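Descriptive structure summary
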Amino acid sequence: MKIAVLIKQVPDTESKIRVKSDGSGIEETDVKYIVNPYCEYAIEEAIRTKEKIKAGEPEAPVATVVISLGPDRALEALRTALAMGIDKAIHIDSEGKIFDGFQTAKILAGVLKAGAFDLIFCGKQAIDDDNSQVAQMTAEFLDFPQVMIIQKFDLTPDSKGALVTRQVGGGAREIYEAVFPLILGCEKGLNTPRYASLPGIMKAKTKPVEKLKASAFLGDTGPLTQFIHYQLPPERAAGKKLDGEAPQQAHELARLLREEAKVI
Amino acid sequence: MPNYDLTPEQDMLRKTIRDFAEKEIKPVRQQLDEKEEFSTDLTHQMGELGLFGMTVSPDYGGQGMDTLSYVICVEELARVDACQAATVAAENSLGIGPIYNYGNEEQKRKYLPDLCSGKSLWGFGLTEADAGSDAGNSKTRAELKNGKWVINGSKIFITNSATKITAGVTVQAITGEKGDGKKAISCIIVEQGTPGFTAKEMHKKMTWRSSNTGELYFDNVTVPESNLLGKRGGGFQQMLATLDSGRLGIGAMGLGGAQGAFEAALEYSKQRKAFGQPISKFQVNAFKLADCAMEIEAARNLLYKACWLKDQERPFGKEAAMAKLYCSEVFHRVANHSVQLHGGYGLMEEYPAAKFYRDQKLLEIGEGTSEIQRIVISRYLGL
Ligand SMILES: Cc1cc2nc3c(=O)[nH]c(=O)nc-3n(C[C@H](O)[C@H](O)[C@H](O)COP(=O)(O)OP(=O)(O)OC[C@H]3O[C@@H](n4cnc5c(N)ncnc54)[C@H](O)[C@@H]3O)c2cc1C
């Protein structure tokens, strides 16, 4: 079985994001980068799946490959996945360009097709631009089934497909049985990602990292969306505190909602 | 020109251990400290990460890493909690170190795999109630009778020696006299459960409260002659060499603790307002923080250089003593500033400043007091 994991490197949530003065992007110099947290669930699930298969059948051929499209710094994210236990990495160099979700999906689909994967895990969304589109569009390009926001994953007994569970509104669950090749978007709760162990970090040094170029897979596919301008959300204005007894406060609140906020 | 870049692996190591310390240790550090409780759970987790036997060859279950990588890990643990850092540093240098460096093949195969996985712990008993800095004055004796060592005496303040998962201790004992009339001192392995051997947990510490400290009693403890570690009469040299390396670990605890106390002070000073502005805006406070940042940087450079010397297999004893001394004294100053900047809240356990302040003090006393470090350094100067 060949398992792929698609990961994205994103700014750490604790980094303070500053927009470039011309609004063309974010200031990258002081930003710390991490593996997108939802992609960590994907990495963990791929490793667990391999471990489970190997526990039952030690000789079973199972390969895990982590793939990331991005600039050179994305290598660091790939190395983290290798240190956690993934076997091989593919770095698709973005060659200094920024792609929209559609182009990203086109490139990833090209790489995945060449790799002939059975099972593809990815995060349900990346926490930087929160598009939540790449996995679905990649599936469409490949004509693979996809299930997003999954919280439970099990191989079917014949290992030719999977049973996956996703939570929907009101606490209800949808359970899907899907056949490989299959793309799954991982949600919090699916597992607890492991820490890279020290031996894992040492082993990662000797694992293969394949280098590809985005342009080789993009062809002449143009973007469907464009970044026009970046800006930070407006600073929140100071709140208002209402004085007096409860009846007066209620009265004042109703007045403010009607006259100032104009919501009633 | 020196190269100040860490390897990608060392960078990742720092990140991983920082992440682990923030997510797994930080939420429980205060509670463990309050209850003076050693955490077997965290110890096992740290074992799974590979934090024990870091510089031991993989042949014996270790990670085969360099000294600098080890020191970075201890630093990152100490940035969050001195106690877990203590468990790791003492285990690597005092528990595992002597067995790895002086044990014979059989001893290494027997003990190291479980110690390197963090399944069990091991203590190193040198200090006695009446012999600390003056370790040569220790009284514990081991006599060879009918092919067995019979040990009598006691030890005090022994880290990792009285936990539920402690598998044994290496004890320094007088094993006779040398030709020159001086005491012959040797290291002997004593396993947990040997009749006559007891390890009792010590409590009411001001510092390192969730690190395990034990008092050891040897009452006609009888072990096979083959439990001798290394050469008979070589114990004193083994101890000196063990402490040289151990000092790098204590240095890392000073550096990491200083970093943690500094970050707490920096964050608090930017938020706390007095006289209409953040207290960090008063120059006296900003200068304190600037001094802390500078001293931490200098401490890091000194400690990393000492590690580099060791990794290059060059003499490092002088630099190790300097790094241990300097890092623990920098931590002293930073922890003091941190409490001062926190004002009254610095004295309350709800804020981390108080714990840093308490935990700091051990570093000027354990594994050779600051005075002893100055003696060591002066000797290198030919004084
Ligand atoms: C939490 C904790 C954990 C420890 N873990 C271990 C362990 O795992 N194994 C172990 O063997 N020990 C351990 N120790 C013991 C520790 O190493 C000793 O406490 C330390 O070496 C000091 O010895 P002492 O307490 O007997 O002080 P003393 O040696 O009595 O020193 C008292 C004071 O006199 C000063 N002094 C002594 N000699 C001189 C001199 N020649 N010149 C100037 N000043 C001098 C000292 O610097 C100190 O200020 C631990 C201690 C603690 C508190």
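Residues numbered from 1 in each chain as written. Chains lettered and ligands numbered in written order. Predicted model: local features only at pLDDT ≥ 70, side-chain atom pairs only at ≥ 80, totals over all residues.

**Here we look at the domain arrangement of chain B**
Residues and elements named next belong to chain B. Inclusion rule: Reported domain spans reflect what an automatic or database domain assignment gives. A residue pair is marked as a contact if its C-beta atoms, positioned from the backbone, fall within 7 Å. Basically, the charged four are Asp, Glu, Lys and Arg, the nonpolar ten are Ala, Val, Leu, Ile, Met, Phe, Trp, Tyr, Cys and Pro, and anything else, Gly included, counts as polar.
What the domain assignment lists for chain B is domain 1 (8–120), domain 2 (122–233) and domain 3 (237–380). Between the C-alpha centres of domain 2 and domain 3 the distance comes to 31 Å. Facing 9 residues of domain 2, the contacting portion of domain 3 comprises 8 residues. Of the residues that constitute the side of domain 2 that touches domain 3, the class distribution is 5 nonpolar, 4 polar and no charged.

**A few points about the packing of helix α3 (residues 67–80) of chain B against helix α4 (residues 82–102) of chain B**
All names here are of chain B. Basically, it comes down to this: For helices, the axis comes from a line fit to the C-alpha atoms of the stretch in contact; other axes are also lines fit to C-alpha atoms, and the angle between any two N-to-C directions lies between 0 and 180 degrees. For the purposes of this entry, the term helix denotes a DSSP run of H or I that reaches at least four residues, the term strand denotes a run of E that reaches at least two, and both are numbered from the N terminus. Orientation categories follow fixed angle ranges, with anything under 35 degrees roughly parallel, anything over 145 roughly antiparallel, 65 to 115 roughly perpendicular, and all other angles oblique.
Look at α3 against α4: their axes get within 7 Å of each other, and the N-to-C directions meet at 155 degrees. Classed by the angle they form, the pair α3 and α4 counts as roughly antiparallel. Only A82, Q84, A85, V88, A89 and N92 of α4 make contact with α3, whose side of the interface consists of Y70, V74, L77 and A78. Its residues placed into classes, the contact of α3 with α4 shows 8 nonpolar, 2 polar and no charged.

**So, unusual backbone geometry**
Residues apart from glycine generally show negative phi values, whereas peptide bonds are mostly found in trans. Residue and element names in this part refer to chain A. As a reminder of what qualifies: Any residue whose C-beta has 12 or fewer other C-beta atoms within 10 Å is treated as exposed, any with 20 or more as buried, and any in between as partly exposed, C-beta atoms being built from the backbone.
Omega for the peptide link from F180 to P181 comes to -10 degrees, which places this bond in the cis form. By secondary structure assignment, the location of P181 is in the loop between β9 (173–179) and β10 (182–186). Backbone geometry at E95 places phi at a positive 50 degrees, although glycine is not the residue there. Checked against the element boundaries, E95 lands in the loop between β5 (88–93) and α3 (101–115). Located in the positive-phi region is S132, a residue other than glycine, with phi close to 50 degrees. Structurally, S132 can be placed in the loop between β6 (119–123) and α4 (134–142). With 16 C-beta atoms packed within 10 Å, S132 lands in the partly exposed category.

**Some thoughts on the site of the ligand**
Residues and elements named next belong to chain B. The condition is simple: Using the backbone to place each C-beta atom, any residue with that atom within 6 Å of a molecule or strand is considered near it.
Inspection of the region around the ligand gives 22 residues, with L126, G132, S133, T369 and E371 positioned closest. Among the secondary structure elements, those contributing two or more residues to the shell around the ligand are α4, β1 (121–125), β3 (148–159) and α10 (370–380). Looking at the shell around the ligand residue by residue, the class counts come to 10 nonpolar, 9 polar and 3 charged. Looking at which domains feed residues into the shell around the ligand, each of domain 2 (122–233) and domain 3 (237–380) gives three or more.

**Notes on the nonpolar core**
Quick reminder of the rule: Among buried residues, those of type Ala, Val, Leu, Ile, Met, Phe, Trp, Tyr and Cys that are joined through C-beta atoms within 7 Å form a set called a nonpolar core.
Judged by nonpolar contacts, the single largest core of 174 residues is most densely connected at V5, I43, A81 and I120 of chain A together with V74, I188 and L303 of chain B. Those residues in contact with L303 of chain B that lie beyond four places of it in its chain are V71, L248, G251, A252, L255, A323 and C327 of chain B.

**Thoughts on the interface of chain A and chain B**
Each side of the interface is counted separately: chain A has 11 residues, and chain B has 14 residues. Those elements that provide at least two residues to the side of chain A that touches chain B are α2 (74–84) and α5 (198–204) of chain A. A per-element tally of the side of chain A that touches chain B places α5 of chain A first, with 4 residues. Residues of the side of chain A that touches chain B, tallied by class, amount to 7 nonpolar, 2 polar and 2 charged.

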